[in-house]
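Chain by chain, the residues:
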Amino acid sequence: MAKILKSEFIKGVIGDDYSTEDGLPHVSFFGRSNAGKSSVINSLVGKKNLVKTSKLPGKTREANFFRIDDSFFLVDFPGYGYAKCSVSERNKMIKRILWYVEFSNVRPQAIFLIIDAKVGLTVLDRDMIKIIKENKHNIVIVANKIDKLSQSVARKQLLSIQKEAQDIPVLGYSAKTHKGKDELTQTIASFL
Ligand SMILES: Nc1nc2c(ncn2[C@@H]2O[C@H](COP(=O)(O)OP(=O)(O)OP(=O)(O)O)[C@@H](O)[C@H]2O)c(=O)[nH]1
Ligand SMILES: [Mg+2]
């Protein structure tokens, strides 16, 4: 898969059914609210608005399944750690994500954890990584919004994130300039 040609929204999941009628594999996008999960998916598929994005965190409320080139799904999860939604809403969201990581019998080929390159890994990201690893999922960290940093700062920040992430691969990305698109596309393909 050198380039994604076809992408279509199939369904939004709120419950616990992550299966698809066609049984195609999926890869999932996790991350803090506002890190840019939905924007990264739009950038990868080359559409401005396949997935709705927003300056206000908490835009994505369901796990949205996008079928890619009739061969696999990208799944955009709601963000975690959004302080402005109610505590019960936040807990519900976290619980659903954890259930998916721990108990879903339809497992992702890999989980891509999107972070803001400038912010780096947060406490919630570290907790999430621990749980993802404990449940033996493949994981890749995508340090998004790299366009906001100068080249030298970006390089330093990526090194420091990689140092902390240890054996987890870290990719720099910009949903704005599409920097890192080929590498991320290849990495997704490597798990399929
Ligand atoms: N400069 C820059 N801005 C970005 C980039 N990616 C996303 N953004 C902006 O960051 C904001 C949040 O992007 P979303 O894609 O909606 O973030 P999300 O992680 O899906 O957020 P939730 O759905 O709330 O969890 C939007 O204003 C985007 O335009 C990027 O690579 N560079
Ligand atoms: Mg979103």
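Our subject is the structure that appears above.
Keep in mind the model is a prediction, meaning the values are calculated, not measured.

**Brief notes about the nonpolar core**
- The biggest cluster of nonpolar side chains holds 31 residues, and the ones touching the most others in it are Phe-30, Phe-77, Leu-113 and Ile-141.
- Listed by contribution, the elements that provide at least two residues to this core are β3 (63–68), β4 (72–76), α2 (87–102), β5 (110–116), α3 (123–134), β6 (139–144) and α4 (151–165).
- Considering every element that reaches this core, the biggest residue donor is α3, with four residues.
- In contact with Leu-113, other than residues within four places in its own chain, are Phe-30, Gly-31, Tyr-80, Leu-121, Asp-125, Met-128, Ile-129, Val-140, Ile-141 and Val-142.
- Listed in part, the 24 residues of the second largest apolar core include Ala-35, Phe-72, Leu-74 and Ala-110.

**Quick word on the site of ligand 1**
- In the vicinity of ligand 1, 23 residues are found, and the nearest of them are Lys-37, Ser-39, Gly-58, Thr-60 and Asp-147.
- Within the contact set of ligand 1, an oxygen atom lies 3.1 Å away from a backbone nitrogen or oxygen of Asn-34.
- Within the side chain of Ser-39, one N or O atom sits 2.6 Å away from an oxygen atom of ligand 1.
- Burial of ligand 1 by the protein amounts to 88% of the accessible area it has alone, namely 660 Å².
- In this structure the site holding ligand 1 corresponds to the largest pocket.
- Looking at the shell around ligand 1, the element that brings in the most residues is helix α1 (residues 37–45), giving three residues.
- Residues that form the shell around ligand 1 fall into these classes: three nonpolar, 12 polar and eight charged.

The rules we used
Per chain, the residues get numbers from 1 upward, laid out in the order the sequence is written. Following the order in which they are written, the chains are lettered starting with A and the ligands numbered starting with 1. Totals for whole chains, interfaces and linings use all residues, but because this is a predicted model, local features are given only for residues with pLDDT of at least 70 and pairs of side-chain atoms are given and counted only at 80 or more. In computing side-chain properties, one takes all heavy atoms of the structure into account and sets aside hydrogens as well as water. Here, the term nonpolar core denotes a set of buried Ala, Val, Leu, Ile, Met, Phe, Trp, Tyr and Cys residues that are joined through side-chain atoms within 4.5 Å. Burial classes follow relative accessibility: with a 1.4 Å probe on protein chains only, a residue under 20% of its type's maximum area counts as buried, one over 50% as exposed, and anything between as partly exposed. Each helix corresponds to a stretch of at least 4 residues labelled H or I by DSSP, and each strand to a stretch of at least 2 residues labelled E; elements are numbered beginning at the N terminus. Here a residue-residue contact requires only that any non-hydrogen atoms of the pair lie within 4.5 Å. Being near a molecule or strand, for a residue, means having at least one of its heavy atoms within 4 Å of it. Pairing of N or O atoms within 3.5 Å defines a polar contact, subject to two protein rules: one partner must be a possible hydrogen donor and the other a possible acceptor, and residues neighboring in sequence count only if both atoms are side-chain atoms. Using a 1.4 Å probe, accessible areas were evaluated by the Shrake-Rupley method; residue-level cover was limited to the displayed protein chains. For cavity detection a 1 Å grid was placed over the protein atoms alone, and a set of points counts as a cavity when a 1.4 Å probe fits there but cannot get out; an open set counts as a pocket when protein lies on both sides within 12 Å along at least five of seven lines, with lining residues being those that have an atom within 4 Å of a point. Cavity and pocket membership follows a simple rule, namely that a molecule belongs there if more than half of its atoms are within 2 Å of the grid points. Just so you know the grouping, Ala, Val, Leu, Ile, Met, Phe, Trp, Tyr, Cys and Pro go in nonpolar, Asp, Glu, Lys and Arg go in charged, and all remaining residues, Gly too, go in polar.

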